[in-house]
Amino acid sequence: MENSSDAYIRDRLETITEAYFSLASEVWVVLDRLYCMEEALKISGIDISKDIETLTPDGEYKEKLDQKRTEFVSGVFKALERN
């Protein structure tokens, strides 16, 4: 017989596993689009792959990225807290 603690752990593990696979799927969609965009630009004569690797965000752009990262991470944890 399963006690309430075991049931809670099982439910949380299921939630975390679902979140992990959902996040992995979304990351792949973003990576796929990034690869396609890089290839489309390359075909058009614009190779940005080295620029992306060497870009160091600063100033207003860095602040914008920091904010977007915070929002993204917050959204991931909110999804885990819902259950």
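Conventions adopted
- Residues numbered from 1 in each chain as written.
- Predicted model: local features only at pLDDT ≥ 70, side-chain atom pairs only at ≥ 80, totals over all residues.
- Heavy atoms only, no water.
- Helix = DSSP H or I, 4+ residues; strand = E, 2+ residues; numbered from the N terminus.
- Rg over C-alpha atoms; globule rule 2.2 N^0.38 Å.
- Buried < 20%, exposed > 50% of the residue type's maximum accessible area, 1.4 Å probe, protein only.
- Lys, Arg positive; Asp, Glu negative; His and termini not counted.
- Charge placed at Lys NZ, Arg CZ, Asp CG, Glu CD.
- Phe/Tyr/Trp six-rings, centres within 6.5 Å; stacked < 30°, edge-to-face > 60°.
- Patch = residues over 30% accessible without salt bridge, like charges linked within 9 Å, V, L, I, M, F, W, Y side chains within 5 Å.
- Areas by Shrake-Rupley, 256 points an atom, 1.4 Å probe, with all protein chains shown as cover.
- Salt bridge = Lys/Arg side-chain N within 4 Å of Asp/Glu carboxyl O.

Undergrad: Is there a simple way to explain the overall build of the protein chain in this structure?
TA: Broken down by element type, the protein chain carries three helices and zero strands. Listing the helices and strands of the protein chain from first to last along the sequence gives α-α-α. The C-alpha radius of gyration computed for the protein chain amounts to 19 Å, which surpasses the reference 12 Å derived for 83 residues by more than 25%, pointing to a less compact arrangement than a globule. For the protein chain, the C-alpha atoms occupy an extent of roughly 65 × 30 × 15 Å along the three principal directions. Looking at the protein chain as a whole, 6% of its 83 residues are labelled buried. Side chains of the protein chain carry 11 positive and 18 negative charges; the gap between the two charge centres is 3 Å.

Undergrad: What is the right way to look at the packing of aromatic side chains in this model?
TA: When we look at a pair of aromatic rings, we describe it by the centre distance and by the angle of the planes. On inspection of all chains with the given rule, the structure shows two aromatic pairs. Look at Y20 and F21: their rings are 5.3 Å apart centre to centre, the planes differ by 80 degrees, and that puts the pair in the edge-to-face class. Accessibility classification places Y20 together with F21 in one group, the exposed group.

Undergrad: How do you make sense of a nonpolar patch on the surface when you look at a structure like this?
TA: Residues L23, V27, W28, L31, L34, Y35, M37, I52, F72, V73 and F77 make up a contiguous nonpolar surface patch of about 990 Å² in total accessible area. Of all the elements in the fold, those that place two or more residues in the nonpolar patch are α1 (4-43) and α3 (59-81). Examined against the element boundaries, M37 turns out to sit in helix α1.

Undergrad: Any chance you could explain the pattern of salt bridges here in plain terms?
TA: Any two side chains of opposite charge can pair, given that their charged atoms come close. According to the stated counting rule, one finds four salt bridges in the structure shown. Across the pair E14 and R10 runs a salt bridge, and its minimum N-O distance is 3.7 Å. One end of the pair is E14 and the other is R10, both in helix α1 and four residues apart, which spans about a single turn. With a relative accessible area of 40%, E14 lands in the partly exposed category. Between D66 and K62 there is a salt bridge whose closest N-O contact spans 3.1 Å. With a gap of four residues between them, D66 and K62 both fall in helix α3, about one helical turn apart. You can call D66 partly exposed: its relative accessible area is 23%. With a relative accessible area of 38%, K62 lands in the partly exposed category. In this structure, a network of salt bridges that share partners links the residues R10, D11 and E14.

These figures capture arrangement, not role.
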